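# Fold and geometry: a report
So you can see what is in the structure, the chains are spelled out below.
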Amino acid sequence: MNLSNFSGKTIAIMVASGFDETGFIAIQRAMMNAGAKLRIVSREAGLTSAWNGTGWGMSYPADATLSTALAIDYDALIVPAGNRHVESLKNEVHAKRVLRAFLREDMPVLLQGDAVALLSLIDEAAERTKAGSDDSTPVIDRNLVTVSATSGQLDELSALNGVMAIGEAESRAA
């Protein structure tokens, strides 16, 4: 998988305790291989805990909290799957603020699985095309990539890589 457009970029991964650890590790590995800097932006300061199938997984240090995060500090946003953390993010005003800023500025955003539901909280995103409950292939709407079921091949990261290439070409043309 070629993720060359991530090279040298700073990618925010927005989480709260209960995010899907398996998917997170796959994203983390892909970003490291691509030469990107993945930064954990969490609802919790300090450590945030993953969910690993049937119980709590490892705890990961947050690089920033949602209350202090600004979209301008990152090149793209990823919100991984995980019902527990998405339910927590739905009630977090700063999660909505950060997601709204990324969408408003047409910055690349990837929402996986349960995280697609966060779009319903953003008024401006109501008209956006998004993955339905049975879409296993990524759905792209301008800068937004959504997928209802994460793929083992992380096709959604390839789609986000393509969105980043379009954004770079447009900024160079301007």
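Right above here is the structure, for reference.
## Considerations on the sheet that holds strand β4 (residues 47–52)
Reading across the sheet, the 3 strands line up as β2-β4-β5 and stay open at both edges, with mixed pairing between neighbours. The open sheet has two edge strands, β2 (19–20) and β5 (55–61), and neither has a second partner.

## Thoughts on the packing of aromatic side chains
Scanning all chains against the criterion turns up 4 aromatic pairs. On the numbers, 5.9 Å between centres and 50° between planes, the contact of F19 with Y60 is tilted. Residue F19 is located in strand β2, and its partner Y60 is located in strand β5; the two are separated by 41 residues in the primary sequence. Neither F19 nor Y60 differs from the other in exposure class; each is buried. One aromatic cluster is present, built from ring pairs that chain together F19, F24 and Y60. Residue placement shows R84 over the ring face of W51; its charged tip is 3.5 Å from the ring centre.

## Comments concerning the sheet that holds strand β9 (residues 139–141)
Here we have 7 strands laid out as an open sheet, ordered β6-β3-β1-β7-β8-β10-β9, and mixed in their pairing. Each edge of the open sheet carries a strand with a single partner, namely β6 (64–65) and β9. In this sheet, strand β10 (residues 144–147) lies alongside strand β8 (residues 109–112) in parallel orientation, the contact comprising 4 bridges. Its bridge partner lying in β10, L110 is registered against V145. Strand contacts of helix α1 (residues 21–34): β1 (10–15), β3 (37–42), β7 (76–79) and β8, with the helix running at about 145° to β3, the strand carrying the most contacts. Across the face of the sheet, helix α3 (residues 93–104) comes into contact with β1, β7, β8 and β10 while running at roughly 130° to β8.

## Some remarks on the pairing of β10
A two-sided burial pattern is seen for β10, the buried positions comprising L144 and T146 on one face and V145 and V147 on the other. Bridge count for β9 against β10 is 3 bridges, and the pairing is antiparallel. Counted as the bridge partner of V139 is T146 from β10.

## Here's the deal with the environment of A34
You can see A34 is positioned in helix α1. Judged by its relative accessible area of 14%, A34 is buried. Along the primary structure A34 and L3 are separated by 31 residues, whereas in three dimensions their C-alpha atoms are 5.7 Å apart. Every residue in contact with A34, bar those within four places of it in the chain, is listed here: L3, F6 and S7.

Basis of the calculations
Residues numbered from 1 in each chain as written. Predicted model: local features only at pLDDT ≥ 70, side-chain atom pairs only at ≥ 80, totals over all residues. Heavy atoms only, no water. Pairing = 2+ DSSP bridges. Helix = DSSP H or I, 4+ residues; strand = E, 2+ residues; numbered from the N terminus. Phe/Tyr/Trp six-rings, centres within 6.5 Å; stacked < 30°, edge-to-face > 60°. Buried < 20%, exposed > 50% of the residue type's maximum accessible area, 1.4 Å probe, protein only. Lys NZ or Arg CZ within 6 Å of the ring centre and 35° of its normal. Contact = heavy atoms within 4.5 Å. Axes fitted to C-alpha atoms, helices over the stretch in contact; angles between N-to-C directions.

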